[in-house]
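Listed below, chain by chain, are the residues.
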Amino acid sequence: MSLLTPLALLVTDIDNTLVGDDSSLENLNQILDRCRRTWGTKIVYATGRSRASYQELATTKQLLTPDALIAAVGAEIYLGASATPDPEWINKLSVNWHREKIVAIASQFADLESQPQSEQRPFKVSYYLSASVVSAVVPRLQALISDRGLDVEIIYSGNKDLDILPRGGDKGTAVQFLRGGWQIEPSQTVVCGDSGNDISLFKYGMERGIIVGNAQSELRLWDELHPADYHYLAVAHCAEGILEGLKYFRFVE
Ligand code: GLC
Ligand code: MG
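Residues numbered from 1 in each chain as written. Chains lettered and ligands numbered in written order. Predicted model: local features only at pLDDT ≥ 70, side-chain atom pairs only at ≥ 80, totals over all residues. Heavy atoms only, no water.

*Asks:* Please explain the overall build of the chain as it appears in this structure.
*Replies:* A count of helical and extended segments in the chain gives 9 helices and 11 strands. A compact globule built from 253 residues should have a C-alpha radius of gyration of about 18 Å, and the chain, at 18 Å, falls within 12% of that. Counting all 253 residues of the chain, 53% fall into the buried class. Sequence separation of at least 24 residues holds for 63% of the intrachain contacts in the chain that already meet a minimum separation of 6. Put simply, the chain shows about 11500 Å² of open surface, and 51% of that area lies on carbon and sulfur atoms. Both charge centroids of the chain, one from 23 positive and one from 32 negative side chains, sit 3 Å from each other. (Helix = DSSP H or I, 4+ residues; strand = E, 2+ residues; numbered from the N terminus. Rg over C-alpha atoms; globule rule 2.2 N^0.38 Å. Buried < 20%, exposed > 50% of the residue type's maximum accessible area, 1.4 Å probe, protein only. Contact = heavy atoms within 4.5 Å. Areas by Shrake-Rupley, 256 points an atom, 1.4 Å probe, with all protein chains shown as cover. Lys, Arg positive; Asp, Glu negative; His and termini not counted. Charge placed at Lys NZ, Arg CZ, Asp CG, Glu CD.)

Spelled out as structure tokens, the structure:
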């Protein structure tokens, strides 16, 4: 029997990854709580939601208090209980980000329907877009934005959400930023997700990756095209899938 690896950092998306099945969430929470006490494991939520929307969810679901919250698909990082986004991260994202120009370009596309005001953030512009027109719209949108000398990431998730973020403003880069600051090894870090806005969690480093069994096609497809033995596709859904992956990587028994 091989020894367990100490889990130093667990990063997880919230909707349909951590949250989705209440009883397996409760079970995982107990295990993560034990990891925290044994190894001082840090827990980070990386969500597409704004901080306000995360807080709303936290009133209805049992969520452990995280050590940091990556909100708005990576456009904001909140350390500890801080209510203001990390200024160093904001400074990084501010370079060559011109929100109003992006909104003006996007307004030329009739298929892009603006998301509610609460999900529009200083460093994130979000729309709904039908899956049937994505392949026609996104390359044109990308080209128009690049023509203006702007460099952004366009991320499509769950067959409906389109987010425009500053280059390097995604969840994965935010994790690299936190992990570097905390001096945690990728081999002791786990990232978990289910949809398009989680792809960046898996693509930059050699963190152990868990894709839950209910993952969306865009993440599954990406995983098929980028096979890596440090990524695990779980059978179980949501929190139970995370637990299955933690066992696979020998972080828990
Ligand atoms: C969350 C956010 C939304 C975003 C989506 C995908 O649902 O509220 O703004 O588009 O995640 O990233
Ligand atoms: Mg999700």
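What follows continues from the structure just given.
*Asks:* I tried to follow the coordination of the magnesium ion (ligand 2) on my own but got confused; where do I start?
*Replies:* For a metal bound by four donors in a tetrahedral arrangement, the ideal donor-metal-donor angle is 109.5 degrees, while six donors in an octahedral arrangement ideally sit at 90 or 180 degrees. Protein-derived coordination of the magnesium ion (ligand 2) comes from D13 (OD), D15 (O) and D194 (OD), at a distance range of 2.1 to 2.2 Å. When the donors of the magnesium ion (ligand 2) are listed by position in the chain, the intervening gaps give D-x1-D-x178-D. In this pair, D15 is assigned in the loop between strand 1 (9-12) and helix 1 (22-39) and D194 in the loop between strand 9 (189-193) and helix 7 (199-203), connecting sequence segments 179 residues apart. (Donors = N, O, S within 2.8 Å, 3.2 Å for Na, K, Ca; no water.)

*Asks:* Got a minute to help me understand the site of ligand 1 in this structure?
*Replies:* Taken together, G48, R49, V73, Q115, E119, K124, S126, D161, D163 and N197 form the complete shell of residues around ligand 1. One of the side-chain nitrogen or oxygen atoms of Q115 is found 2.5 Å away from an oxygen atom of ligand 1. A distance of 2.7 Å is found between an oxygen atom of ligand 1 and a side-chain nitrogen or oxygen belonging to E119. In the complex, the protein chains occlude 82% of the 300 Å² of accessible area that ligand 1 would expose alone. Each of two domains, domain 1 (9-90 + 170-248) and domain 2 (97-166), supplies a minimum of three residues to the shell around ligand 1. (Near = heavy atom within 4 Å. Polar contact = N/O pair within 3.5 Å; in protein donor to acceptor, adjacent residues only side chain to side chain. Domains from an automatic or database assignment.)

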